[in-house]
Amino acid sequence: TRTGESAVCLVGTNLKRLGSNRPFPEHCVVHNNHMHHLGEYGMQIAGVFLACCQKNQVSHNEIHHVPRAAICVNDATWGGHVIEHNKLYETCLESVDHGPFNSWGRTRHWCYNQSHGPDSPSHPAGSVTQDALHTTVLRYNYLEDHTVKFGVDMDDGTCNYHVHHNVCIGCPIKFREGDLRIVENNIIIDSLLGIRFDSLYENAQDRFVRNIVFLRQDMHVGEGYGVPPEDARRHFYHAVKNPIESP
């Protein structure tokens, strides 16, 4: 508690990888910790922050009162993490464009222009498993937040995820550019926002199946979803910048 920055960082590099030299965290276990009131000075932080690493386990942690995400996977290099049985709440106290869990995937196939450019061209995902070598699993977690946009925020090219058997209270799930994301058997309740699909790749292999979604009666989409306020009511899901070709 009361850390200046993140509580636990598993951060490596690909620049010094040569032969058997593997300068990155692998098979680390972050288990049974209580992390709270973090980020006294840094705001772009997390309780557990992962970058350029693979096959780590983050389990049975309680993380709350953080300025941004409770758990953040910074990139899609190389994946294979298991994130399970965590209790995440009271997050994004200093920012809103995030959630209890956030991931990015800004690797070689991610296109900044598609994501944030004025033209937003649509294109295929490419061979995303060149970077996201292993499937990251997010399961059996409890995520609660009634002020943020999304509970599971798969942002900016997040790829190769299996999200299942999580409970999201007040915060739904978001797909942004990326591929190979299977979201199934989750419970999402008391949310003001619907499921969001944003700037998906052509012929993406994402799937949202067998989930229970219970939205609040006063739920809304908001202008941030690209729709006017008068049409921002009771959307179970909303798609933004749809791909030209869909599977």
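Our structure's up above, just so we're on the same page.
Residues numbered from 1 in each chain as written. Predicted model: local features only at pLDDT ≥ 70, side-chain atom pairs only at ≥ 80, totals over all residues. Heavy atoms only, no water.

## A look at the sheet that holds strand S13 (residues 136-139)
- Strand order across the open sheet formed by 7 strands is S2-S6-S10-S13-S16-S19-S22, with parallel pairing between neighbours. The sheet terminates laterally at strand S2 (29-31) and strand S22 (207-209), the two strands that pair on one side only. The mean inter-strand angle of the sheet, taken between neighbouring strand axes irrespective of direction, is 10°.
- Bridge analysis of strand S16 (residues 158-164) against strand S19 (residues 178-184) gives 6 bridges, and the strand direction is parallel. The residue of S19 that forms the bridge with Thr 158 is Gly 178. (Pairing = 2+ DSSP bridges. Helix = DSSP H or I, 4+ residues; strand = E, 2+ residues; numbered from the N terminus. Axes fitted to C-alpha atoms, helices over the stretch in contact; angles between N-to-C directions.)

## Structural notes on the pairing of strand S4 (residues 48-51)
- Residues of S4 alternate between two faces, with Val 48 and Leu 50 on one and Phe 49 and Ala 51 on the opposite face, all of them buried.
- With 3 bridges joining them, S4 and strand S8 (residues 71-73) adopt parallel strand pairing. Bridge assignment links Val 48 to a residue of S8, and that residue is Ile 71. (Buried < 20%, exposed > 50% of the residue type's maximum accessible area, 1.4 Å probe, protein only.)

## Overview of the environment of Glu 84
- Residue position: Glu 84 is located in strand S10 (residues 82-84).
- What makes Glu 84 buried here is its relative accessible area of 11%.
- Each C-alpha atom of the pair Glu 84 and Arg 196 lies 23 Å from the other, and the pair is 112 residues apart in sequence.
- Those residues in contact with Glu 84, other than ones at most four positions away along the chain, are Gln 57, Val 58, Ser 59, His 60, Arg 139, Tyr 140 and Asn 141. (Contact = heavy atoms within 4.5 Å.)

## Some remarks on the nonpolar core
- The biggest cluster of nonpolar side chains holds 31 residues, and the ones touching the most others in it are Ile 71, Phe 101 and Val 152.
- Taken together, the elements giving at least two residues each to this core come down to S4, S8, strand S15 (152-154), S16, strand S18 (173-175) and strand S21 (195-198).
- Discounting residues that sit within four places of it in the chain, Phe 101 has contacts with Ile 71, Val 73, Ile 83, Leu 138, Leu 143, Gly 151, Val 152, Asp 153 and Tyr 161.
- Counting 8 residues, the second-largest nonpolar core is a separate cluster that includes Ala 76, Trp 110, Ala 125 and Cys 159. (Core = buried A, V, L, I, M, F, W, Y, C linked by side-chain atoms within 4.5 Å.)

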